[in-house]
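Examination of the molecular architecture
Letter by letter, the chains look like this.
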Amino acid sequence: MTKFRESIRLKNYNYQNNGAYFVTICTALNKNLIAEKQKRILEEELKTLENRFDGVEIDYYTIMQNHVHIIFVFYNAAVRLPRVIQVFKSLSTRRLKKEGYMERVFWQRNYYEHIIRGKNTLNKIRMYIQNNPLVEKLDPTKLY
């Protein structure tokens, strides 16, 4: 019997649309797996995404011990957000394993995303990323 996971993405939303997306990706079981060596690798892989995908820009990001916050900006992107995340997780895991990571899984299966709907909200999320990296969960209802 196959276990079906319900998608947490917005139904009928095109995640290729122009705009900004706030993404949080957590490590497996929220373990503190990201030290300086891992942080350097993740940062390098993150920066390659702009070259891999036309129309995708990284606006702002931070890397903590057990999660990564990223703001992506799409402009006439040739790819959807889930694919960008999939590629980042796959490439970074492969690279981490080459550098000695021994476990089977580095990232949690899913990720949190929020569609940013205005400049004011974008600035608030940038401040959140910069000033409050220890907060585990952002309440989108307080952004508007």
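Above this note sits the structure.
Note that the structure is a prediction, hence the values are computed from the model and not measured. (Residues numbered from 1 in each chain as written. Predicted model: local features only at pLDDT ≥ 70, side-chain atom pairs only at ≥ 80, totals over all residues. Heavy atoms only, no water.)

**Description of the packing of helix α1 (residues 36–52) against helix α2 (residues 81–98)**
Packing of α1 against α2 leaves a shortest axis separation of 9 Å and a crossing angle of 140 degrees. Regarding the angle of α1 to α2, the classification is oblique. For the pair α1 and α2, the crossing hand works out as right-handed. Taken together, the residues of α2 that come into contact with α1 (itself represented by Gln-38, Arg-40, Ile-41, Leu-42, Glu-44, Glu-45, Leu-46, Leu-49 and Arg-52) are Val-84, Val-87, Phe-88, Leu-91, Ser-92, Arg-95 and Leu-96. (Axes fitted to C-alpha atoms, helices over the stretch in contact; angles between N-to-C directions. Helix = DSSP H or I, 4+ residues; strand = E, 2+ residues; numbered from the N terminus. Parallel < 35°, antiparallel > 145°, perpendicular 65-115°, else oblique. Left-handed = near helix turned anticlockwise from the far one by under 90°. Contact = heavy atoms within 4.5 Å.)

**Topic: the environment of Asn-14**
Looking at the element boundaries, Asn-14 is found in the segment before β1 (19–26). The spatial distance from the C-alpha of Asn-14 to the C-alpha of Leu-81 is 9.1 Å, given a sequence separation of 67 residues. Those residues in contact with Asn-14, other than ones at most four positions away along the chain, are Tyr-21 and Arg-80.

**Considering the nonpolar core**
With 31 residues, the main nonpolar core has Leu-42 and Phe-72 as its most contacted residues. Counting only elements with at least two residues in this core, the list comes to β1, α1, β2 (56–63), β3 (67–74) and α2. When residues in this core are grouped by element, the largest group, seven residues, is from α2. Among all residues touching Phe-72, those that are not within four sequence positions of it are Gly-19, Ala-20, Tyr-21, Val-23, Leu-46, Leu-49, Val-56, Glu-57, Ile-58, Leu-81, Val-84 and Ile-85. Of all hydrophobic cores here, the second largest spans eight residues; its members include Ile-71, Leu-122, Tyr-128 and Ile-129. (Core = buried A, V, L, I, M, F, W, Y, C linked by side-chain atoms within 4.5 Å. Buried < 20%, exposed > 50% of the residue type's maximum accessible area, 1.4 Å probe, protein only.)

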